[in-house]
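Overview (structure and organization)
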Amino acid sequence: MTWGRAVARLAQRDNPKWESLSWLALRPLIDSLNDRVNALTPSLVPELRAAWLERTVEQHGPAPTARGPLVIDRRGTRRFVVMGDTGEQDASQYVVGDALTGVVPDVADFAVICSDVIYPSGDLNDYVHGFYLPYEPLLQDPGTRPTPEPQRLYGLPGNHDWYDGLTGFMATFCDVPALPPSAYPAGGTGARERIGRLLWRRPSRPQPARLHKDDDTRYTPQQLRDAMMRPATPETRQPGPYFAIEVDGLLLVCIDGGIGLGGGVSMIDAAQARWLLEVSALDRPKVLLTGYPLLVNGEWKECRFESASDSDAYRTVNAVVAEPDFRYVAAIGGDIHNFQHYTVTPVPGARPIVYLVSGGGGAYISATHPIASAAHVREERAHNFADIVASNSERGGPPGPAEIERPPRFDSAAMAAPAVRRLGPLPSGHEAWGDPDEPLAVPVAEADFPHRMVPDAAESLAHFTEQVLPKTWRYMRSLLMFGLGGALAAGWRALWASSFTEACVLGGGVLLLAVQLHLSIGAPDSRSRERRVRRQVHAYRASVAAGYALAGFVAVAAGLVMAAESAGRYLQLWVLITLFTGAVSYLQRRSGWWREPGANDWSWTPALMGVLLVAVGFVAAWQITDETHLALLTHAAGLLVVTAVVGVALRRRHWWRSVSLNVALVGQLAAALFVLSAAHTPTPGGEWRPVGAVTGVVLDAVVLVATLWAVAGRLPRRIALTTVALAVPATLAALTWAFGHFGGSWDAGARSFAMAGLVAGWLAAGVVGGTFGVDALRRRWPSGYRPASTAVLAVVAVAGLSLWRWWLVQGLVIAGVVVALSVVTLSVGYLVFLGGLSLALDHRAHRDTLDRADDEPLLTVEQAALGVRWRRTGVDAVVEQLPSRLRNRVRFVFPSTDQPQGVIQEKVSEFFSADAPPFHQHYLDLEVVGPVGHPTRLVITPHVVTGVGPQASHPRAPIVVPL
């Protein structure tokens, strides 16, 4: 059984980096920071690419050019494998590695990993568990050094592989050692470039590691490469990050798009662009392999040429592929973690080109239910056409733009033929529809939508329903436990005030102990069906909920101790603000003012309820005699009203939906700032505290940027980074000393402003500095950083308790409490906005599949298919046979254009990846068919890997591409 073998191989990992990669954790996000730094220094990646090519020549000599520049000679090959986005080092990768056992090299001669070999940052040390162990059967056993043979595994770098400067990738696939420090020059053409080069995270130091946890030998990365990767013959060795492979009658052109420009748009440097044009001119059928797909999710994505001008014949890779003379028959890209198939004729009269997305080789699966397929588009168009005809007949005139369901827009600037057209002249006798300056975009052909996807839309919706609902409920339960813990603290203070301080100290110690236990023990294997392990899973989750309750107790208790006179009133205010936030979020959800325009989707009920809610708050404000209270609360109410009015006024603009939620968020946060200022007015000068807190955080940012500008490129890197790390704490220390010596003579408003600013500045600096400090400790001491970090945290806590009467320590504790309570408030509002109330009442959705007695899924594939049709067409009759609880589940996971959306839905793939079967991974089996030397067609067969049943993979219908 594939899953059983994958689990056995997972168990062989020695000190794994994680059990399952989660993008909710800070560690992978910090490791991927070079993605953001690259925006400051876009010239660094091309420079490093050129340096790697030079170093490859120094190491192995010039690549053979008999078949073309950087062309690998595999003319005897007629069958090979392509898989994309592999190296998460967890279950979803290992199940694919097991499925390939016996395929490479027994059936297919070699495999190409197309994009993102190692997550999250291409680290050289991560290749042990992200490459050598999962693909061990494809390579060889350590300890032997056979004679050279054709290379079995090739790699095409993705953006994540570039986050360590491509060091791990080049060492593994090209057998090239790391670049010297001189390859990362500190200079640049401007301040942004200098700052970017200073902040660019350098590769990790090589760490010896065991391939299996029972091995006696520890290998350095180079030793492991020498032992596992057979030395390749010169004509089959990979010559660099971009190259071509010639198989029988076909040329695979593999390009390196670097880190990318954002939004799926990428760029290749000028030298690579010249090479691409030279290779494309070779008279052979070609398939492009790229880390960034050219057509994905129904949208064209450009891959640009660096420094291209309008006079150049070709300015994008898209145009090169579309050129009939270059004979491209297919383009395959990774990056998006699913399978999508398009067949498009980009140039009228030319042969069709197959565009594939293939990124399901081991990473989390990207949801496909939000993607409109060709079949859904046909049904949606038929439904919209029927509505338009009915509207016409009722009104006797043309339909307005609000009555047309807007299909996705396409960016087709890179293609010879446009993927969209504007609405042309209407039939005579009709007026123009809508604003002529904002025409509608409609697809020309269903070819612009995927013909097939893996998983398909129904499988995707059923899969993510199973992932999203139980995990979201567990988070809601944690918030509830936090609130109960806070209520317990308030009750304890009211009933047993004499022992309250001791209870706070005890609660804090228990909380630290719980954190230490969770860091050292970790979560049990939630994939197991064994009753003993399930009990451990339940106990662990119960301990997490108890930890949130303990955190709520400590947070509220700390506030009551540090601000004994006013904490009770502030807690009451927090409860009221949380309830008000939930009410506003519910009304915002019901109003639909943020949606795309529809025919009759406006309802006055939530509008009137909103007016009533604001009126009640305004009447309450009138009961307060303090004019400052009244003014601040009036500003808060006015902001909410103005935001709502703006939403109603702009709701028929096609661009409104993309910005409406941000506008609402800014309006609500600004209103909250006014309310918090009003809450502080009984204290002399208290209304300045919220403004001072914001100023303190801004001060941190200004000092940090100014220091970076001053030292970047002017001091050695180590000294410069040390200066940057000390600049903010030194500035805050100086300001704290000055306030302690001179602040006594200031008026109440200035003192409140300064104290709040210093507290917020220290808190922000501590959180950021602590996060990166732990990361630096982890990079230098991978096996011992957890207990060391917890020990440092304990020392800081003890030191804080000894100084708890100092205003700064009290301010930091109270600020931490405010941050925790604010997160709870925002989470409550957000979950109410998304429909979390219905989830709270759906008890079956609270349990994982393994915890349900009947193993019945929350949504079957058949039910999910109805849900997808419902969300696409908006026809309620489609789901009349589904119970209301199932419709609520579909609404929560797949809001579509007529229900709220947010981070949970938009990032559903990243946040809710699966680490147990059934999976929806895949790889591509490519075979050239026909006479040797003159094949007539290329057959591409997707193989789906689920980890269920005895069969390793499940082949789907092949795609036949004429050559």
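What counts and what doesn't
- Residues numbered from 1 in each chain as written.
- Predicted model: local features only at pLDDT ≥ 70, side-chain atom pairs only at ≥ 80, totals over all residues.
- Heavy atoms only, no water.
- Helix = DSSP H or I, 4+ residues; strand = E, 2+ residues; numbered from the N terminus.
- Buried < 20%, exposed > 50% of the residue type's maximum accessible area, 1.4 Å probe, protein only.
- 1 Å grid on protein atoms, 1.4 Å probe; cavity = no way out; pocket = protein on both sides within 12 Å on 5 of 7 lines; lining within 4 Å.
- Points joined across faces, edges and corners; volume = space filled by probe spheres on them.
- Nonpolar A, V, L, I, M, F, W, Y, C, P; charged D, E, K, R; others polar.
- Lys, Arg positive; Asp, Glu negative; His and termini not counted.
- Salt bridge = Lys/Arg side-chain N within 4 Å of Asp/Glu carboxyl O.
- Contact = heavy atoms within 4.5 Å.
- Pairing = 2+ DSSP bridges.
- Axes fitted to C-alpha atoms, helices over the stretch in contact; angles between N-to-C directions.
- Phe/Tyr/Trp six-rings, centres within 6.5 Å; stacked < 30°, edge-to-face > 60°.

- Named according to an unreviewed UniProt entry, the protein is Calcineurin-like phosphoesterase domain-containing protein originating from Spongisporangium articulatum.

**Some details on unusual backbone geometry**
- Note the cis peptide between V104 and P105, where omega equals 0°.
- The residue P105 is located in the loop between α5 (91–99) and β3 (111–114) in this model.
- Following Y119, the chain continues to P120 via a peptide bond in cis, the omega torsion being 0°.
- One can find P120 in the loop between β3 and α6 (127–132).
- Residues other than glycine seldom take positive phi values, yet N15 does so here, at roughly 50°.
- Within the secondary structure, N15 sits in the loop between α1 (2–10) and α2 (26–31).
- With phi around 75°, L166 is a residue other than glycine that occupies positive phi space.
- If you trace the backbone, L166 turns up in the loop between β4 (153–156) and α7 (167–173).
- A residue is classified by how much of its surface remains accessible, and L166, at 0% relative accessible area, is buried.

**A few points about empty space enclosed by the protein**
- Inspection of every chain in the model, using the stated rule, returns eight cavities of 30 Å³ or more.
- Taken together, L139, E149, P150, Q151, R152, L153, M228, M229 and R230 form the lining of the largest cavity.
- For the lining of the largest cavity, the residue count by class is five nonpolar, one polar and three charged.

**Description of the side chain of E88**
- When you line up the elements, E88 lands in the loop between β2 (79–83) and α5.
- Buried within the structure, E88 lacks any salt-bridge partner; R13 is the closest side chain of opposite charge, at an N-O distance of 9.9 Å.
- Excluding residues within four positions of it along the chain, E88 makes contact with W18, L21, W23, Q93, Y119, G362, A363 and Y364.

**Looking at the pattern of salt bridges**
- Overall, the coordinates contain 26 salt bridges when judged by the stated rule.
- Across the salt bridge formed by R78 and D248, the nearest N and O atoms sit 2.2 Å from each other. A residue pair is termed long-range when its members are at least 10 positions apart, and R78 in the loop between β1 (71–73) and β2 and D248 in the loop between β5 (243–247) and β6 (250–254) qualify at 170 residues.
- In this structure R78 comes out as partly exposed when scored by relative accessible area, which is 24%.
- D248 sits in the buried class, given a relative accessible area of 5%.
- A salt bridge links R474 to D848; its shortest N-O distance comes to 3.4 Å. Placement of R474 in helix α13 (residues 457–495) and of D848 in the loop between α25 (836–840) and α26 (861–873) is noted, with a sequence separation of 374 residues between them.
- Residue classification places R474 among the buried residues on the basis of a relative accessible area of 16%.
- On the basis of relative accessibility, which here comes to 16%, the residue D848 falls in the buried class.
- One salt-bridge network, held together by shared partners, links K17, D31, D126, R201 and D775.

**Quick notes on the sheet that holds β5**
- One open sheet holds the eight strands; their spatial order is β1-β5-β6-β8-β12-β14-β13-β17, and the pairing between them is mixed. Looking at strand neighbours, the two that pair on one side only are β1 and β17 (452–454), the edges of this open sheet. Taken over all neighbouring pairs, the strand axes of this sheet differ in orientation by 20° on average, direction set aside.
- In terms of strand pairing, strand β13 (residues 339–344) meets strand β14 (residues 353–358) through six bridges, oriented antiparallel. For T343, the partnering residue across the bridge sits in β14 and is V354.

**Things to note about the packing of aromatic side chains**
- As enumerated under the stated definition, the model contains 17 aromatic pairs in all.
- Note on F110 and Y154: the rings are 5.5 Å apart at their centroids and 90° apart in plane angle, and the pair reads as edge-to-face. Of this pair, F110 sits in the loop between α5 and β3 while Y154 sits in strand β4, placing them 44 residues apart in sequence. The residues F110 and Y154 share a single accessibility class, namely buried.
- Between W806 and W807, the ring centres sit 6.4 Å apart and the planes meet at 70°, which makes this aromatic pair edge-to-face.

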